[in-house]
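Residue-level structure breakdown
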Amino acid sequence: MEQQATEKRTVSPSDTAAPAPPKADLWSTVLQQLDDVAQRLGLNPGIHAILRQPERELTVAVPVLMDDGQIEVFTGYRVQHSSARGPCKGGLRYHLDVNLNEVRALAALMTWKCAVAGIPYGGAKGGVCCDPVRLSENELCRLTRRYTAMIMPIIGPKRDIPAPDVNTNPQVMAWIADTVSMLEFQTVIDIVTGKPVPLGGSLGRREATGRGVAIVTAELLRRKGRALAETTVAVQGYGNVGSSAATILNEMGCKIVAVSDVTGGLYNPHGLNIAAINEHVARHPRGWLEGYSAPDVERITNEELLTIDAHVLIPAALEHQLRADNAARVQAEMIIEGANGPTTREADEILNDRGVVVVPDILANAGGVVVSYFEWVQDLQCFFWDEDEVNRHLKRIIVRSFDEVWAFSEAHKVPLRLGAYMLAVDRVAEALQARGIFP
Ligand code: GLU
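Let us look at the structure shown here.

**Regarding the overall build of the chain**
Helix and strand content of the chain: 15 helices and 12 strands. Relative to its length of 439 residues, the chain is compact, with a C-alpha radius of gyration of 20 Å against a globular reference of 22 Å. Principal-axis analysis of the C-alpha atoms places the extent of the chain at approximately 55 × 55 × 45 Å. The proportion of buried residues among the 439 residues of the chain is 61%. Within the chain, residue pairs in contact and separated by at least 24 positions form 71% of the contacts whose partners lie at least 6 positions apart. As presented, the chain carries roughly 17300 Å² of accessible surface, and 52% of it is formed by carbon and sulfur atoms. With 43 positive and 53 negative side-chain charges, the chain shows a spacing of 3 Å between the two charge centroids.

**Overview of the site of the ligand**
In the region of the ligand, 15 residues are neighbours, and Lys89, Lys113, Pro164, Asp165 and Ser372 sit closest. Asparagine 340 has a polar side-chain atom sitting 3.0 Å from an oxygen atom of the ligand. Protein coverage of the free-state accessible area of the ligand, which is 290 Å², stands at 98%. Those elements that provide at least two residues to the shell around the ligand are strand 3 (88-95), helix 4 (100-117), strand 5 (160-164) and helix 13 (367-381). In terms of residue class, the shell around the ligand is built from four nonpolar, five polar and six charged.

**Describing the packing of helix 2 (residues 26-41) against helix 15 (residues 416-435)**
It is at 10 Å that the axes of helix 2 and helix 15 come closest, and there the two elements cross at 75 degrees. Here helix 2 is positioned roughly perpendicular relative to helix 15, judged by the angle of their axes. On helix 15, the residues that touch Gln33, Leu34, Asp36, Val37, Arg40 and Leu41 of helix 2 are Arg417, Leu418, Tyr421, Met422, Val425 and Asp426. When its residues are assigned to classes, the contact of helix 2 with helix 15 shows seven nonpolar, one polar and four charged.

**As for the sheet that holds strand 1 (residues 56-65)**
Pairing is mixed across the open sheet formed by five strands, whose spatial order is 1-2-4-3-5. Sheet topology places strand 1 and strand 5 at the edges, where each strand pairs with a single neighbour. For this sheet, the mean inter-axis angle between neighbouring strands, taken without regard to orientation, is 25 degrees. Of the pairings in the sheet, the one linking strand 2 (residues 71-82) to strand 4 (residues 122-129) comprises six bridges and is antiparallel in character. Note that in strand 4 the partner of tyrosine 77 across the bridge is glycine 127. Packing of helix 5 (residues 137-151) onto the sheet brings it into contact with strand 1, strand 2, strand 3 and strand 4, and relative to strand 1 it is tilted by some 145 degrees.

**Quick notes on the nonpolar core**
Membership of the largest hydrophobic core comes to 88 residues, with the highest contact counts inside it found for Trp112, Val259 and Ile277. When neighbours within four sequence positions are excluded, isoleucine 277 is seen to be in contact with Tyr238, Val259, Leu266, Leu272, Leu289 and Tyr292. Core analysis: the second largest hydrophobic core is formed by 27 residues, Leu140, Cys141, Met152 and Ile191 among them.

**With respect to the packing of helix 13 against helix 14 (residues 387-412)**
Relative to each other, helix 13 and helix 14 sit at 130 degrees, their axes nearing to 10 Å. One way to sum up the angle between helix 13 and helix 14 is to call them oblique. Note that helix 13 runs across helix 14; the crossing there is right-handed. Of the residues in helix 14, those in contact with Gly367, Val370, Val371, Phe374 and Gln378 of helix 13 are Val390, His393, Leu394, Ile397 and Ile398. Tallied by class, the residues present in the contact of helix 13 with helix 14 amount to seven nonpolar, three polar and no charged.

**Quick look at unusual backbone geometry**
Backbone torsion omega between phenylalanine 438 and proline 439 reads 5 degrees, so that peptide bond is classified as cis. Mapping proline 439 onto the fold places it in the segment after helix 15. For aspartate 296, which is not a glycine, the phi torsion comes out positive at approximately 70 degrees. Relative to the helices and strands, aspartate 296 is located in the loop between helix 9 (274-283) and strand 9 (298-300). What makes aspartate 296 exposed here is its relative accessible area of 59%. Phi at cysteine 382 is positive, roughly 50 degrees, even though this residue is not glycine. For cysteine 382, the location among the structural elements is in the loop between helix 13 and helix 14.

What counts, and where the lines are drawn
- Residues numbered from 1 in each chain as written.
- Predicted model: local features only at pLDDT ≥ 70, side-chain atom pairs only at ≥ 80, totals over all residues.
- Heavy atoms only, no water.
- Helix = DSSP H or I, 4+ residues; strand = E, 2+ residues; numbered from the N terminus.
- Rg over C-alpha atoms; globule rule 2.2 N^0.38 Å.
- Buried < 20%, exposed > 50% of the residue type's maximum accessible area, 1.4 Å probe, protein only.
- Contact = heavy atoms within 4.5 Å.
- Areas by Shrake-Rupley, 256 points an atom, 1.4 Å probe, with all protein chains shown as cover.
- Lys, Arg positive; Asp, Glu negative; His and termini not counted.
- Charge placed at Lys NZ, Arg CZ, Asp CG, Glu CD.
- Near = heavy atom within 4 Å.
- Polar contact = N/O pair within 3.5 Å; in protein donor to acceptor, adjacent residues only side chain to side chain.
- Nonpolar A, V, L, I, M, F, W, Y, C, P; charged D, E, K, R; others polar.
- Axes fitted to C-alpha atoms, helices over the stretch in contact; angles between N-to-C directions.
- Parallel < 35°, antiparallel > 145°, perpendicular 65-115°, else oblique.
- Pairing = 2+ DSSP bridges.
- Core = buried A, V, L, I, M, F, W, Y, C linked by side-chain atoms within 4.5 Å.
- Left-handed = near helix turned anticlockwise from the far one by under 90°.

Pasting the structure below:
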C-alpha cells in the first residue's frame, strides 16, 4: 500500500453511497495556501483564477457485483488540476474519507509537487470512496476494472497517468493497465506507474517515496549540523511510505524510536528493531504492526506518537494529523511530511512560531512521483534501468529540489513550505504564460 490510514473503520452500504463530509477540508487549506502565495508573488490575477480551479473533474458511479451476489455502487473521482507543465500525474486512493474536495486538493498538490521536482508533469488525483479492508481480492479487482473503464476517456500515457496512493498498490496498477489494454486491443503499460516490475514497473519504485523522505531528512540534518547516528525518529504510518522511510533512515544510522499504523504504535526510546518489525509486518495477513511485541517496546496511540520525544517526526499516514489541538505539544525539532497535507494551516503557524522546521509534502514525498516519472520514461523507451541508476537519479533530483527550495526560502526569508509553494506556483505560472490561452 502506498500510504496507510490511521484508523480502522467499518462500513455499512449507506456509508459508501453517501460519504460523510471530512472533519477539515484539505481543499480549503490548499486554496488558502495558493491565495497567500499568489499575493506574495504578485501573480497575474487571470493565472491565479486558472489555478484556483481544477481543469477537469470526473465523478463516476461504479457498480460492483459483490461476492454475495448483491450490487453495490461506489463513488469514484478523477480530477485533473493542471496540465500546464505536461500530462497530468497522480495517484489513486481507496478510502472511506475520499470525496471530491479531497481529490481536488490532492490533485493540486501533485501539480505543485511535480513543479518543485522539475519533472514534466501537471497534477491529478483519483479516488474511490470504499473500505478496501472490507472488500475481497475479487471485489477489489472488479471495482478497479470498472472504475478504470469509466475514467478511460480522460486518462492516457500523454494525458493523465495514475499511480498508487493510500490503499492501492502494484496489483491495482496491473489491473488498470490490463483493463485499458483489453479495451484498446493493444498493450498499454505506460497508462499507469507503480506497476509490478515484470509488467514494466521500475526497480526502486516501491521504496521511492520513503527513500525520498530519507534523502530529504539527511539533507536537513546536514544543514542543521546533526549527525544521522545522533538522531531519533518517529514515524506515523507504516504503509509503503512510512516503512520504507523508517528502514532506509535506520540503515543510514538513525535510531527509530516510534512507529505506528492503523492498529496503534510501538515505542522504544533506545530504538526499535526495524528488521524484526518488518518481518512481523511481512507475516501479518494485512501487513499491520498489530501483535508485535519485544522487550522494552511500549504500545502507544497514534496521537501519542505525534508528540513523542524524538528529533524528527515523519507523519506518513493521512492528511490533517497535526492540528491546532496537538501542534503545541509536538516535541520534534524537524517534521518531514511523508503524507500529503498532514499539517493544518493553524498547526503550521504554531510549529513555525515554535521554530520547528517543516519540510513540506510537495518536496518531502516527491520521491514517489519522481520514480514514477522514471518508470514512464523507461516504458516509453522500452528500455529499463538497473536499480542503482534509478536511485542515483532519484537522489540527484531530490537533492537538487531540496537545494532550490532551501535557497529560495532563505533568499525570501520564508519557511520551507512557503518557499516550495512559491517556487512551484511560479514555475506553473511561467508555463501557463508561455502557452497562452487557447484559442
Ligand atoms: N501517490 C503518490 C503521491 O502522492 C505518487 C504519485 C505518482 O507517482 O504519480 O505523490
